[in-house]
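Reading the structure
What follows is the residue order along each chain.
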Amino acid sequence: MVDTGADGLVLNSQHFIGTADDSRKYYGVSGRGKSLSVSYNNQIAMDNLNFINIDADVVDLSSIEYNKDIKILGLVGFSLLSDFEIMFNYRGRFISLSRVDIKGNVIDPMPFILDKKDSLSFTLGNFIPVIDVMVNGVKKKFGIDSGAEINLLDLKKSKDIMAQFQPIKTIRLTGSDGKESDVLAGRLYKLSILEKYRCASMATVLINMDNLNKIYASNLDGILGFEFLSPWLFSINYKKQKLYLHQLKVINP
Amino acid sequence: MYKFLLLLNIVLQCNLLIAQETPFSQCEINGDDVYIKFHESCINSKDESCIALAEFKDFDLASVIKSGLFTLWERDGWTLQKIGSHSYQLHKKLIQFDKTFNLEDKFKIDMSHWNYPLSEKLAQGSSDIIDEPAKISSAGNIEFILKGWQKAKKVILSGSFNNWDENAIKLIRVGDKWKIRLKMAPGIYEYKFIVDGEWMHDPANAFMVQNQHFTYNSILVVGKDVQFYLKGYSDAKKVALSGSFNNWDKKGVSCIKTKDGWKVTQKLPPGKHFYKFIIDGQHWIIDPSNQLQERDEEGNVNSVIIIH
């Protein structure tokens, strides 16, 4: 899984064995401070891209495999992606990684990369791209996380936009700490980027962002995942710190 | 007068009956409080209108209500009140939802919760989940047919669904046709046939897009049926639907005239789609009943529909 919400390479302990390492600085899936299992000097190939000497955190990702009913070997996050411009083409069902130079210019543009229509600057919250959006005219900060299917919205910080969140139901969630809790699931309306691109309503859950904000050393109002990314064609360029919006393949009358 | 009152009485009683028997559930946030209002027929129901109550099956609300002691009942912070003859509401303080959420918890929430009652099917292990966009299968959902070309030795189907593989999908000759049936995941695909090495678009498919070689690729939309309605325009001779799903085809998909407007069913895959209605082949209009619109880079406003 290409996961812009993860720090680097994360391997699934269901398929890989790691060795314990308490000293390793870790931001990833399980949050900072947990005792970790680590796998060193891995080689990973994605199509014709080869990465060598990659250290990976080994974490149990069986819940994703169970929920999605697919084999997940691991997560590919920031440190492997930061030398590329990554385009998420959910319509075409492909992700393209274009290598960039030190200034962030794509070295060898691929023919199928569609024209860039607009761009949005982002900052990095440790390793997650953070953008400013407007929700019904109220400015909010969201992290872009391709590993999240549903958007997340901080419950306490969303009072001023709660009218734009229409709850549908509750979801019973057994957290990683084993505790069961209810989260409110609904749809978020009137979110726009660059003040001119209005998103359709998006599946969103209200949660407590405190732990995530510690991991991302940020003060995020929420996380935008697949629900946000999939209708558009976005590219993320970490060197230029730009989120590009590509031209959809539409010929207008 | 008496007859009128009797009729009115019958209508009111019928309405009341319908109101009482119609299952409904609604989740709402009101200030610091969360309410789930529901009709008692929603308890344990899989009806889509009962979605707000979907996660309360193990609460055994039917027994709680039957006992009559629901005013004393409390579970996981939820309390229960009666708000109508057959209607109730669950209540919980909004702040009680403010629980620790760890990063890996994001993997535990997926779209199935929004696709009720589809989630019931998925939970039972539906075979509809396809891990590759196209797979040869006699029980597949899409059949490709190329009529004629009886003297051809080999016909291949190639498209965006298999990275334009020039060998993988061979059509089988049946009488005067070449055929292959595939199990395809929802999506918008481009494809071509390769007849004895020669690339050609599908002559039976009017929807095409020009490619970088200045020839055409055929477009296939695999998705769920979506109904489009246009109210009025009874004087129009023809109305068509066109959008990003058919590359803004100028003819569009013909709509059928109804008593009070026009309608058409179009297959659409999950995703965001732009569309307009074409009146009498000339006037392109946005859908007046759809408030979701988006301006493109040329300043044109299009109606937007999102399919989940």
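Figured I'd write up the structure that's included with this text. Per chain, residues are indexed from 1 in the order of the written sequence. Chains carry letters and ligands carry numbers; both start at the beginning, A for chains and 1 for ligands, and go up in the order they are written. Per-residue local features are limited, in this predicted model, to residues with pLDDT of at least 70; the limit for side-chain atom pairs, both in listing and counting, is 80 or more; totals at the level of whole chains, interfaces and linings are taken over all residues. Side-chain numbers come from the whole structure's heavy atoms, not from hydrogens or water.

Quick word on the interface of chain A and chain B
Whether two residues touch is decided by their heavy atoms; if any such pair falls within 4.5 Å, the residues are in contact. Taken together, the contacts link 68 residues of chain A with 55 residues of chain B. Buried area: the sum, over both parts, of the accessible surface (1.4 Å probe) that disappears when the two are put together. Of the roughly 5,800 Å² buried at the junction of chain A and chain B (both faces included), carbon and sulfur atoms supply 58%. Only one rule defines a salt bridge in this text: a Lys or Arg side-chain nitrogen within 4 Å of an Asp or Glu carboxyl oxygen. Counting every contact that joins chain A to chain B gives seven salt bridges. The salt bridge partner of K159 of chain A is D32 of chain B, with a shortest N-O separation of 3.2 Å. The term polar contact refers here to a pair of N or O atoms within 3.5 Å; inside protein, the definition further demands a hydrogen-donor-capable atom paired with an acceptor-capable atom, and it admits residues adjacent in sequence only when both atoms are side-chain atoms. On the surface where chain A and chain B come into contact, there are 13 residue pairs in polar contact (both at pLDDT 80 or more). If you list the elements that add at least two residues to the side of chain A that touches chain B, you get α1 (62-68), β13 (165-174), β14 (180-188), β17 (202-207) and α3 (210-215) of chain A. Note on conventions: DSSP H or I runs of at least 4 residues are helices, E runs of at least 2 residues are strands, and numbering of each starts at the N terminus.

So, the pattern of salt bridges
Under the definition given, this model contains 23 salt bridges over all chains. A salt bridge links D145 of chain A to K106 of chain B, with the nearest nitrogen and oxygen atoms 2.7 Å apart. Here K106 of chain B lies in the loop between β5 (87-93) and α3 (118-123) and D145 of chain A lies in the loop between β11 (138-144) and β12 (151-154), a pairing that spans two chains. We classify D145 of chain A as buried; its relative accessible area is 1%. Burial classes follow relative accessibility: with a 1.4 Å probe on protein chains only, a residue under 20% of its type's maximum area counts as buried, one over 50% as exposed, and anything between as partly exposed. We classify K106 of chain B as buried; its relative accessible area is 4%. Here D182 of chain A and R172 of chain A are joined by a salt bridge, their closest N and O atoms 3.2 Å apart. On the criterion of sequence distance, the pair formed by D182 of chain A in strand β14 and R172 of chain A in strand β13 is long-range, its members being ten residues apart. Here the two residues D182 of chain A and R172 of chain A agree in accessibility, since each one is buried.

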